[in-house]
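# Descriptive structure summary
Each chain, written out:
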Amino acid sequence: MSEELSAFLRREGIRDERVLRAFAEVRRELFVPERYRPDAEADHPLPIGCGQTISQPLVVAYMTERLRLAGAERVLEVGTGSGYQTAVLAHLAEEVFSIEIVPELAERARSLLVERLGLLNVRLRTGDGAEGWPEEAPFDRILVTAAAPAVPPALVAQLAPGGRMILPVGEELDEQVLRVVDKGDDGASVETDLLPVRFVPLTHAPP
């Protein structure tokens, strides 16, 4: 249990009780390499190999809270990475579809999330997350865990009417912003920038 981490997030302004409970139940140390586990509860990113990181818990919680999950949603996650964000989403949504482009990370996450933790509402695939998961669309929520130069059109197309997407946007590390895309019932989208962030870039499959 990660009660101390959940308490920290509450002090930092996270208010959604379901989100706080999910962070109390998901043990972050399971998702980081062994040598970094003493720092697993600290609020900063940690390397997970393959040039990728696990985001700091406060950023993960902030993004998760702003998805406004009630429990019945189908969620697409772009960038499985360590699987930490995936596990949190699995506690909050009906189904989670997660895509990872790095095969080694994808297999590691599959082993942990499905085989070890038994999260039966998680489906994983290896591929280019910017292309989404067309055959499972539309999605009520989409969360992207790496920075794209612009909002990927394929993901907007796969967002259900009334749905919400959160993603970091920006080519330069010092110019990234966390953006919300809300799609109205008429299919029109409204974009709102929240705050500056620093994420690894979204990786694409070679042509």
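Residues numbered from 1 in each chain as written. Predicted model: local features only at pLDDT ≥ 70, side-chain atom pairs only at ≥ 80, totals over all residues. Heavy atoms only, no water.

## Quick look at the overall build of the protein chain
The test is simple: Strands here mean DSSP runs of E at least two residues long; helices mean DSSP runs of H or I at least four residues long; both are numbered from the N terminus. The buried label goes to any residue with under 20% of its type's maximum accessible area, the exposed label to any with over 50%, and the partly exposed label to all in between, with areas taken from a 1.4 Å probe on protein chains only. Here, two residues are considered to be in contact whenever any of their heavy atoms come within 4.5 Å of each other. Only four residue types enter the charge count, namely Lys and Arg as positive and Asp and Glu as negative; His and the chain termini do not. We put the charge of a Lys on NZ, of an Arg on CZ, of an Asp on CG and of a Glu on CD.
For the protein chain, the helix and strand inventory stands at 6 helices and 9 strands. Overall, the protein chain is about 45 × 40 × 35 Å in size when its C-alpha atoms are taken along their principal axes. Expressed as a percentage of the 207 residues in the protein chain, the buried residues total 51%. The contacts of the protein chain with a sequence gap of at least 6 include a subset with a gap of at least 24, amounting to 51%. One finds the centroid of the 22 positive side-chain charges in the protein chain at a distance of 3 Å from the centroid of its 34 negative side-chain charges.

## A short note on unusual backbone geometry
Cis geometry is adopted by the peptide bond preceding Pro138, which originates at Ala137 and carries an omega value of 5 degrees. One non-glycine residue, Cys50, lies in positive phi territory at about 60 degrees. Mapping Cys50 onto the fold places it in the loop between β1 (46-49) and β2 (52-54). Notably, Arg68 is not glycine yet its phi reads approximately 55 degrees, a positive angle. Tracing the chain through its elements places Arg68 in the loop between α3 (57-66) and β3 (74-78). Residue classification places Arg68 among the exposed positions, given a relative accessible area of 57%.

## Things to note about the pairing of strand β4 (residues 95-100)
Cut-off, in case you're wondering: The pairing criterion for strands is at least two bridges between them, as found by DSSP. Clockwise travel from the first strand over the helix to the second, with the strands pointing away from the viewer, marks a crossover as right-handed.
Most of β4 sits out of view: 5 of its 6 residues are buried. In the sheet, β3 pairs with β4 via 5 bridges, with the strands oriented parallel. Across the sheet, the residue bridging to Glu77 is Ser98, located in β4. In this fold, β3 hands off to helix α4 (residues 84-90), which returns the chain to β4; that crossover is right-handed. Both β4 and strand β5 (residues 122-126) contribute to a ladder of 5 bridges, which runs parallel. When the bridges of β5 are listed, Val96 appears paired with Val122.

## Thoughts on the nonpolar core
Counted only if it meets this: Residues belong to one nonpolar core when they are buried, are Ala, Val, Leu, Ile, Met, Phe, Trp, Tyr or Cys, and are joined through side-chain atoms within 4.5 Å.
Membership of the largest hydrophobic core comes to 45 residues, with the highest contact counts inside it found for Leu9, Phe23, Phe31 and Tyr84. Going through the elements one at a time, α1 (3-11), α2 (17-25), β1, α3, α4, α5 (103-116), β5 and β8 (177-183) are the ones with two or more residues in this core. Sorting elements by how many residues they give to this core places α4 first, with 5 residues. Setting aside residues no more than four positions away along its own chain, Phe23 makes contact with Ser2, Leu5, Leu9, Pro57, Val60, Ala61, Tyr84 and Val88.

## Structural notes on the pairing of strand β7 (residues 159-169)
Every other side chain in a regular strand lies on the same face of the sheet, so the side chains alternate between the two faces. With 9 of its 11 residues buried, β7 lies for the most part within the structure. Where strand β6 (residues 139-144) lies against β7, 4 bridges are found, and the strand directions are parallel. Across the sheet, residue Leu143 finds its bridge partner in β7, namely Ile166. Across 6 bridges, β7 lies against β8 in antiparallel orientation. If you follow Val169 over to β8, its bridge partner there is Val177.

## Quick notes on the sheet that holds strand β9 (residues 189-196)
Sheet strands pair via backbone hydrogen bonds, and the direction of the pair is either parallel or antiparallel. Selection rule: An axis is simply a line fitted to the C-alpha atoms; with a helix, the fit covers only the stretch in contact. Between two such axes, the angle follows the N-to-C directions and lies from 0 to 180 degrees.
Here we have 7 strands laid out as an open sheet, ordered β5-β4-β3-β6-β7-β8-β9, and mixed in their pairing. Looking along the sheet, the strands with just one partner apiece sit at the ends: β5 and β9. Across the sheet, the axes of successive neighbouring strands diverge by a mean angle of 15 degrees, strand direction being ignored. In the packing of α3 onto the sheet, the strands contacted are β6, β7, β8 and β9, and the crossing angle to β7 comes to about 160 degrees. Of the strands in this sheet, β4 and β5 are in contact with α5, which crosses β5 at around 165 degrees.

## A short note on the side chain of Arg164
With respect to the helices, strands and loops of the structure, Arg164 is situated in strand β7. A relative accessible area of 9% places Arg164 in the buried class. Discounting chain neighbours no more than four positions away, the residues touching Arg164 are Arg66, Leu67, Arg68, Asp140, Arg141, Ile142, Leu159, Val180, Val181 and Asp182.

What is shown is where atoms sit, not what they do.
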